[in-house]
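Breakdown of the fold
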Amino acid sequence: MRILVLGGDGYLGWPTAMHFSRRGDDVFVVDNFTRRTGHIERGTDSLTPISPLMDRVAAWRQIAGRDITAEVVDITDFTRLRSLVKDFAPDTIVHYGEIPSAPYSMIDRDHAWETQRNNVEGTLNLLFAMHEVAPDAHLVKLGTMGEYGTPNIDIEEGYLDIDHNGRTDRLPFPKLPGSFYHLSKVHDSHNIHFACRVWGLRATDLNQGVVYGLHTDETELDDRLLTRFDYDEVFGTALNRFCVQSVIGHPITVYGSGSQQRGFLNIRDTLQCVELASRAPAAAGEMRVFNQFTEAFSVMELASEVCSAANSLGYNARIEHCVNPRVELEDHYYNPTHTGLLQLGLKPRLLSEELIETMLHTVERFKDRVSLRAIAPATQWR
Ligand code: NAD
Ligand code: USQ
């Protein structure tokens, strides 16, 4: 398979590129280093030291004996994106190339605008490029469970059968996103749905939950192949942050009561899901939607799991409830369907004490790189 990975220098993109490359697929990675410059702007960095993209590619060639092609391209540059898609002629385009942080989008007007401009413009460009020069390619787009928010009804996979005034239809599931970032994903989903309906493109929208974990089979091969691991309040996500906090003796920062629930998955399962979706493409004209997570937890459950795993290793971990910087429901109903990927063959790797301990051991190796200043929640939704 010829596979174009947009955002292939990122937390999920780089491991995805190696994953497909190792399986013999022809991989082309595109990135414009927005995530690296985002860290420079905030004065923060990944816990793991990550090599420059071209060094990663060279290390991969040396270690795995395989080539990954990489090019620095901003996908909001339509002319370059179009010619790249035309020349490479991908079968599959895995699109991770967006600004992924809810807090970043809530800093102020400029950050909200930059998140929506970058994300919506990049995806719109991609849809036009596919329409013009790669109409049969399959788009595998990373969306988010946060598009749905936390409605007081069961969440379906993308669509809802509605019975209204005696008539029925299957319509996109209503969305209640919780940040300008999550909203950008809703706008993308609408644009993708439109392009599939009107131009006959094929797409899979993967509404992914919060990803945790440091390692995949490929990143483990050599430190030069490590992926990023963020723990700061803007780019770090819950479980990853809690592991770093436990190792350095910072209280685990539970926002509010911690009873808010989310879907979670291991980074290895992200790769599994993306591969399953890629090898079984959507039909022409179809926007298929999968809810991509393996387990739902409350934030408090997650914090307690990390706290007890850390304490069993001899750390002095403890939980602290912070005033919630976000506007989000804490006590709510949460029952999202997530059967589509299981039906395609997903074998989930569930969270366990052993898995958290492995993460804590890796965090321990790099703990001297932690900047304490970056941890406390500072970005307010109000
Ligand atoms: P990341 O920031 O590490 O990776 C995204 C990559 O895309 C970065 O390397 C960035 O430089 C690049 N990029 C951004 N804008 C670009 C542009 N205009 N042109 C070219 N490259 C661009 O984020 P991640 O955690 O790997 O997330 C990947 C995708 O998955 C994102 O779309 C994110 O919204 C989605 N997602 C992530 C999670 C999670 O928990 N990490 C959960 C659900 C969904
Ligand atoms: N939270 C805490 N303490 C922390 C960090 C977070 O209690 O130190 C809470 C938040 O309030 C929230 C939950 O944990 O209720 C999840 O927050 P998060 O920062 O881990 O995740 P989120 O902002 O939702 O964003 C992440 C990724 C994003 C992806 C999303 C999937 O950054 O790219 O889209 O997870 S989902 O949450 O399903 O929308």
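Anything mentioned here points back to the structure above.
Read on for an overview of the structure. (Residues numbered from 1 in each chain as written. Chains lettered and ligands numbered in written order. Predicted model: local features only at pLDDT ≥ 70, side-chain atom pairs only at ≥ 80, totals over all residues. Heavy atoms only, no water.)

1. Some remarks on the overall build of the chain
When its secondary structure is counted, the chain shows 12 helices and 14 strands. Over its C-alpha atoms the chain spans a radius of gyration of 20 Å, differing by no more than 12% from the 21 Å that the globule rule assigns to 382 residues. Taken along its principal axes, the extent of the C-alpha atoms in the chain is 60 × 55 × 40 Å. For the chain, with 382 residues in total, the buried portion stands at 56%. (Helix = DSSP H or I, 4+ residues; strand = E, 2+ residues; numbered from the N terminus. Rg over C-alpha atoms; globule rule 2.2 N^0.38 Å. Buried < 20%, exposed > 50% of the residue type's maximum accessible area, 1.4 Å probe, protein only.)

2. Things to note about the site of ligand 1
Inspection of the region around ligand 1 gives 27 residues, with Tyr-11, Asp-31, Arg-35, Tyr-181 and Lys-185 positioned closest. Note that a nitrogen atom of ligand 1 is positioned 3.1 Å from one of the side-chain N or O atoms of Asn-32. Starting from 820 Å² of accessible surface for ligand 1 in isolation, the protein chains cover 96%. Put simply, the parts of the chain that give the shell around ligand 1 at least two residues each are helix 2 (34–42), strand 5 (138–144), helix 7 (180–199) and strand 9 (210–212). For the shell around ligand 1, the class distribution of residues is 11 nonpolar, 9 polar and 7 charged. (Near = heavy atom within 4 Å. Polar contact = N/O pair within 3.5 Å; in protein donor to acceptor, adjacent residues only side chain to side chain. Areas by Shrake-Rupley, 256 points an atom, 1.4 Å probe, with all protein chains shown as cover. Nonpolar A, V, L, I, M, F, W, Y, C, P; charged D, E, K, R; others polar.)

3. A short note on the site of ligand 2
The environment of ligand 2 is formed by 23 residues, the closest being Pro-100, Thr-144, Tyr-181, Thr-253 and Glu-328. Between ligand 2 and Tyr-181 there is a distance of 2.7 Å, counted from an oxygen atom to a side-chain nitrogen or oxygen. Contact with the protein chains removes 93% of the 720 Å² of surface that ligand 2 exposes when unbound. Elements that contribute at least two residues to the shell around ligand 2 include exactly helix 7, helix 8 (238–248) and strand 10 (252–255).

4. Topic: the sheet that holds strand 13 (residues 295–298)
Reading across from one edge, 9-11-13 is the order of the 3 strands in this open sheet, with mixed pairing throughout. The open sheet has two free edges, formed respectively by strand 9 and strand 13, since each of these has just one partner strand. The mean inter-strand angle of the sheet, taken between neighbouring strand axes irrespective of direction, is 45°. Across 3 bridges, the pairing between strand 9 and strand 11 (residues 261–266) is parallel. (Pairing = 2+ DSSP bridges. Axes fitted to C-alpha atoms, helices over the stretch in contact; angles between N-to-C directions.)

5. Some remarks on the sheet that holds strand 2 (residues 26–31)
Spatially, the 7 strands line up as an open sheet ordered 3-2-1-4-5-8-12, and their pairing is parallel. The outermost strands of the open sheet, each flanked by one partner alone, are strand 3 (68–72) and strand 12 (287–292). Pairwise comparison of adjacent strand axes, ignoring direction, gives a mean angle of 20° for this sheet. The pairing of strand 1 (residues 2–6) with strand 2 spans 5 bridges and is classified as parallel. Note on strand 2: the bridge partner recorded for Leu-6 is Val-30. Of the strands in this sheet, strand 5, strand 8 (202–208) and strand 12 are in contact with helix 7, which crosses strand 5 at around 150°. Across the sheet, helix 9 (residues 267–279) is in contact with strand 4 (92–95), strand 5, strand 8 and strand 12; its angle to strand 5 comes to roughly 145°. (Contact = heavy atoms within 4.5 Å.)

6. Comments concerning the packing of aromatic side chains
One pass over the full model with this rule turns up 5 aromatic pairs. On the numbers, 5.1 Å between centres and 65° between planes, the contact of Phe-28 with Phe-88 is edge-to-face. Here Phe-28 is found in strand 2, whereas its partner Phe-88 is found in helix 4 (residues 78–88), with 60 residues between them in sequence. Given a relative accessible area of 9%, Phe-28 falls into the buried group. Using a relative accessible area of 7% as the deciding quantity, one classes Phe-88 as buried. (Phe/Tyr/Trp six-rings, centres within 6.5 Å; stacked < 30°, edge-to-face > 60°.)

7. What about the nonpolar core?
Among the nonpolar cores identified, the biggest contains 34 residues, and Leu-47 and Val-363 are the most heavily contacted of them. When contributions to this core are tallied by element, the ones reaching two or more residues are helix 8, strand 10, helix 10 (299–312) and helix 12 (353–366). Top element by residues in this core is helix 10. It accounts for 7 residues. Look past the residues within four positions of Leu-47 in its chain and what remains in contact with it is Phe-229, Tyr-231, Val-244, Val-363, Phe-366, Lys-367, Arg-369 and Val-370. In this structure, Val-85, Leu-126, Met-130 and Phe-173 belong to the second largest nonpolar core, which totals 33 residues. (Core = buried A, V, L, I, M, F, W, Y, C linked by side-chain atoms within 4.5 Å.)

8. Focus on the pattern of salt bridges
Inspection of every chain in the model, using the stated rule, returns 30 salt bridges. Taking the shortest distance from any N to any O, the salt bridge between Asp-67 and Arg-61 comes out at 2.5 Å. With its nearest N and O atoms 2.8 Å apart, the salt bridge here joins Lys-185 to Glu-98. On the criterion of sequence distance, the pair formed by Lys-185 in helix 7 and Glu-98 in the loop between strand 4 and helix 5 (102–105) is long-range, its members being 87 residues apart. Overall, the relative accessible area of 10% leaves Glu-98 in the buried class. Through salt bridges with shared partners, a single network forms among Arg-22, Arg-23, Asp-25, Glu-218, Glu-275 and Arg-279. (Salt bridge = Lys/Arg side-chain N within 4 Å of Asp/Glu carboxyl O.)

9. Concerning unusual backbone geometry
A negative phi angle characterises most non-glycine residues, just as the trans form characterises most peptide bonds. Located in the positive-phi region is Ala-89, a residue other than glycine, with phi close to 50°. Position of Ala-89 among the secondary structure elements: in the loop between helix 4 and strand 4. For Asn-165, which is not glycine, the phi dihedral falls at a positive 50°. You can see Asn-165 is positioned in the loop between strand 6 (159–164) and strand 7 (167–172).

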